[in-house]
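Residue-level structure breakdown
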Amino acid sequence: MALELFVRNGFEATTVETIAAAAGCSPRTFYRYFGSKEDVMFHDLPTEIAGMGRVLEAHLAAGMPEWAAVAESLVEFIGRFDAGHTLTATRRWDLWAREPALRARYLQHIAQAEETVLTALCGHRGTVPAQDEPAQLIAVSSIGAYRVVVATHGRTAPGRKLAEIKHTNTGVFRGIN
């Protein structure tokens, strides 16, 4: 609902009061769940990123090669990320890229995702993140590939969910290796 308001009216022009009214609640109720209107756009990312880390750890524990484990974990993450309306993920990313306040928050979550991948890889390898350059490279490049997939998806596969182009996404992640 908030996303539709942001797309239609612009992020800056959309107030918490407008979002609350559209949701059928008071601004006070809105603030019980979200600290700001920026939080609405990122409400699910911390939980989803943590989930991606658990999936990656499980893939690694099952003996999957590192790149394959990271790629499959990110494909699953993408599938959960765009659950719902076909263009939700693309619309969210477009707003994140366009609005400075949202872009800054998005980059914080990207850093969290990189750290999650790095921590899982180093936990599996028994190494220290600050000293494991190959794991750092895998974390940064895989999350970079994820960013490209999300950023370009709306232009390369309009009307399709990210999860529907799983093989293309997996190829992007595996193609870096």
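Residues numbered from 1 in each chain as written. Predicted model: local features only at pLDDT ≥ 70, side-chain atom pairs only at ≥ 80, totals over all residues. Heavy atoms only, no water.

Things to note about the pattern of salt bridges
On inspection of all chains with the given rule, the structure shows 4 salt bridges. The salt bridge involving Arg-105 is made with Asp-39; its shortest N-O contact spans 2.6 Å. Pair noted here: Arg-105 is in helix 8 (residues 100–125) and Asp-39 is in helix 4 (residues 37–42), with a separation of 66 residues, a long-range link. The closest approach of N and O atoms between Arg-92 and Asp-44, which form a salt bridge, is 2.7 Å. Here the residue Arg-92 occupies a position in helix 7 (residues 88–98), and Asp-44 occupies one in the loop between helix 4 and helix 5 (45–61), the gap between them amounting to 48 residues. With a relative accessible area of 7%, Arg-92 lands in the buried category. Each of Glu-66, Arg-125 and Asp-132 takes part in salt bridges that share partners, so that together they form one network. (Salt bridge = Lys/Arg side-chain N within 4 Å of Asp/Glu carboxyl O. Helix = DSSP H or I, 4+ residues; strand = E, 2+ residues; numbered from the N terminus. Buried < 20%, exposed > 50% of the residue type's maximum accessible area, 1.4 Å probe, protein only.)

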